[in-house]
Amino acid sequence: MTEHDIEQLISRMTLAEKLGQMTQVQPHGRDQEERVRQGGAGSLINVVGDDAYHYQWLAVEHSRLGIPLLLGRDVIHGFQTVFPIPLGQAAAFDPERVRQAAAHSAREAGAAGVNWTFSPMLDVARDPRWGRIAESFGEDPLLISRLGVAMVQGYQQEGVAACAKHFVGYGAAEGGRDYSATDLAPRALLDTYLPPFLAAQQAGVMTVMSAFNDLDGVPATGHEDLIRGTLKNRWGFDGLVVSDWCSVTEMIAHGFCEDAAAAARAGVSAGVDMEMASTSYLDHIAGLIEQGLLDIALVDDAVRRILRIKARLGLFQHPYGDPGRTQPQRPVATQLARSLARDSCVLLKNEQGLPLGEHARRVAVIGPMADAPGEQLGCWVFDGERQHSQTVFAALQERLGAQRVVHARGLEHCRSHDLDGLEAAVALARSAEVVVLCLGEDAGLSGEAHCRAHLDLPGAQQTLLEAVAATGVPVVLVIMAGRPLVLGPVLPHAQAVLYAWHPGSQGGPAIVDLLCGESPSGRLPVSFPRSVGQIPIFYNHKNTGRPPHPDAPSIPSGTPLDPSGFFAAYLDEDHRPLFPFGFGLGYTRFEYRDLQLSASQLTPGGTLCASVLLSNAGHRSATEVVQLYVRDLVGSVTRPVRELKDFQRISLQPGESQRVSFELHTDALRFHDRHLRQVCESGRFELWIGPDSASGPSAVFELMASQA
Ligand code: BGC
């Protein structure tokens, strides 16, 4: 179907049919069947399987123009096979595997009639109180961009439209409370919050979702400058923009629109082509046009975009899905889910205990997350098959034999304060040589509208941890959670700590692979705070005029507060995170030596080659995530203390060394200046190649002024 065909089709449509295309509803029985027959819906949300085929058939065979439906579903980190939550996937620092997982999810969802997913979420998430941090790729714009592009490619290569959401600024909600207002300066938007969306647009994402939040006084769904101006006109996005769930009519509660008619007008004017869930477009646009308050050209533009995406998906030829598409293969998905879950786990501490030696003849697997197949899947798993979810307890029994592995929950669930099971758990711990204690958050503690003000272990889990630790039996703590938790009180009670996020269907086998010898290679995609009072805390902050000394000591508890230092720090807490962005241990030791730059000076348009000699100085083969950071030392506006510019996963055998090289193009050094122009400014830059955002050898290079 060509653009010309689309114009022809539009010319045959009644206004009611156009408004139908601009409406996405959740079907509830007969009314909606009739609506679809009448051409009153361009898209349905949350219909899968037979229902999806049924509605598609009604639209194609029984509506006047036979326009196929977009059938949308939140396929966020898997469909039947559940991969780790996006925050966990981000920890693997592996775009290719993220692409493969998305492709697989699209095959499963496509087989169930779904042709549109509301993923990836590209919100920059710097606040772990925000429940939706689980759905994000963390705090770094470059990592989010790379993984977002990979997800878009994965879904769309299999005929499912991706949706970059939430446009824009949603992750910066005040106080980490979902739906709250955001107040982002234009430069923060341009340099931090918009780049992942631009990357997705350049990768051909078919759809974008407008956000719920108020952005400096304008609800994102009514933000004409950003949606029509930046996204559509400046960037040239020619796909469709869908609102978030009722976010058009929520502009009334925001105090931005008087009533539903005004909301419809604001949404369409801003460039929101399709309304999700609410029906103000359907109900009011005709009246608005009649009164001369809305130009029909805007309606036609919206309809054109919607039809264009349907055409791009091939729905006019194959409304029920391309008959030649790849079928999902469960064994392949299972392997992928296991490898992604394995490489998303971050080892935070390992004093002893890991890997479990052959000597561990009796292992006690304790805790509410040890055998909770549903909870380990995490948020947004409408279609996830709990019956195929394998837990740590089950997987460890399978690996070591049922006689060697014993289990007690200790607490019925993560939020429980009922200590009835404590004694039995402690007795079981005593009977073992090592305890694998699985704690964390159940799935319902993160995700949309699931924010927390306290980030400690919920319920009585800290009590359980301390009671088990008091036995003196070594504790390997596995934490499954949808966000960074505050781990200060936890660390002293465990010999080893493995952070597994919500690892998905294959969480158990993946974690057991690591417990039994494969070296963890996940790295933190977010900074871990020491206390809630440090939030927001992120590595790519500004230096300030009073930076604390980089090695300023933490403030040991009990030390009298010292008011003599006037620095950007706390009196009663270390200013540094507990674990920095990019951090993660393995079962070996990597050394970084001999950082080399291909030149000490370069000019705009040039490329610098930076390399380091990486050695595996330990006794086990392992994978390192080698990270390249840059700091622009002086700019016409202040610049972050470090910014991630590239990364590579490198696997080395014990004793092996490899020179790891990166190409850094000067485009990667651009930012928005005082006049909000994108510039690449001359001056000195510091460059690091290291294992995380707080260490690694560095060198300085200079960007010369352009010759022209
Ligand atoms: C969420 C979106 C989601 C939509 C549809 C909204 O509440 O914010 O991310 O895609 O619902 O389920």
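Engineer: Got a sec to walk through the overall build of the chain? Specific residues and values, please.
Structural biologist: Counting its regular elements, the chain contains 19 helices and 26 strands. Taking 27 Å as the expected radius of gyration for a compact globule of 708 residues, we find that the chain reaches 26 Å, a close match to that expectation. If you line up the chain on its principal axes, its C-alpha atoms span 75 × 65 × 50 Å. Sorting the 708 residues of the chain into buried and exposed places 60% on the buried side. Sequence-distant contacts, at least 24 apart, represent 77% of the contacts inside the chain between residues at least 6 apart. Only carbon and sulfur atoms are counted for the fraction: they give 49% of the accessible area of the chain, which is about 26,000 Å². The average position of the 59 basic charges and that of the 80 acidic charges among the side chains of the chain differ by 4 Å.

Engineer: So what about the packing of helix α16 (residues 392–400) against helix α19 (residues 507–515)? Which residues, and what values?
Structural biologist: Across the interface, α16 lies against α19 with an axial gap of 7 Å and an inter-helix angle of 55°. Taken together, the axes of α16 and α19 lie oblique to each other. Crossing hand, α16 versus α19: right-handed. Together, Val 392, Ala 395, Leu 396 and Arg 399 of α16 and Gly 508, Pro 509, Ile 511, Val 512 and Asp 513 of α19 make up the contact between the two elements. Residues of the contact of α16 with α19, tallied by class, amount to six nonpolar, one polar and two charged.

Engineer: Please set out the site of the ligand residue by residue, giving values where relevant.
Structural biologist: Around the ligand, a shell composed of 13 residues is seen, among which Asp 74, Arg 132, His 166, Asp 244 and Glu 448 lie nearest. Counted by class, the shell around the ligand contains seven nonpolar, one polar and five charged residues.

Each value, and the rule that gives it
- Residues numbered from 1 in each chain as written.
- Predicted model: local features only at pLDDT ≥ 70, side-chain atom pairs only at ≥ 80, totals over all residues.
- Heavy atoms only, no water.
- Helix = DSSP H or I, 4+ residues; strand = E, 2+ residues; numbered from the N terminus.
- Rg over C-alpha atoms; globule rule 2.2 N^0.38 Å.
- Buried < 20%, exposed > 50% of the residue type's maximum accessible area, 1.4 Å probe, protein only.
- Contact = heavy atoms within 4.5 Å.
- Areas by Shrake-Rupley, 256 points an atom, 1.4 Å probe, with all protein chains shown as cover.
- Lys, Arg positive; Asp, Glu negative; His and termini not counted.
- Charge placed at Lys NZ, Arg CZ, Asp CG, Glu CD.
- Axes fitted to C-alpha atoms, helices over the stretch in contact; angles between N-to-C directions.
- Parallel < 35°, antiparallel > 145°, perpendicular 65-115°, else oblique.
- Left-handed = near helix turned anticlockwise from the far one by under 90°.
- Nonpolar A, V, L, I, M, F, W, Y, C, P; charged D, E, K, R; others polar.
- Near = heavy atom within 4 Å.

Note that all results are geometric; they support no functional claim without further evidence.
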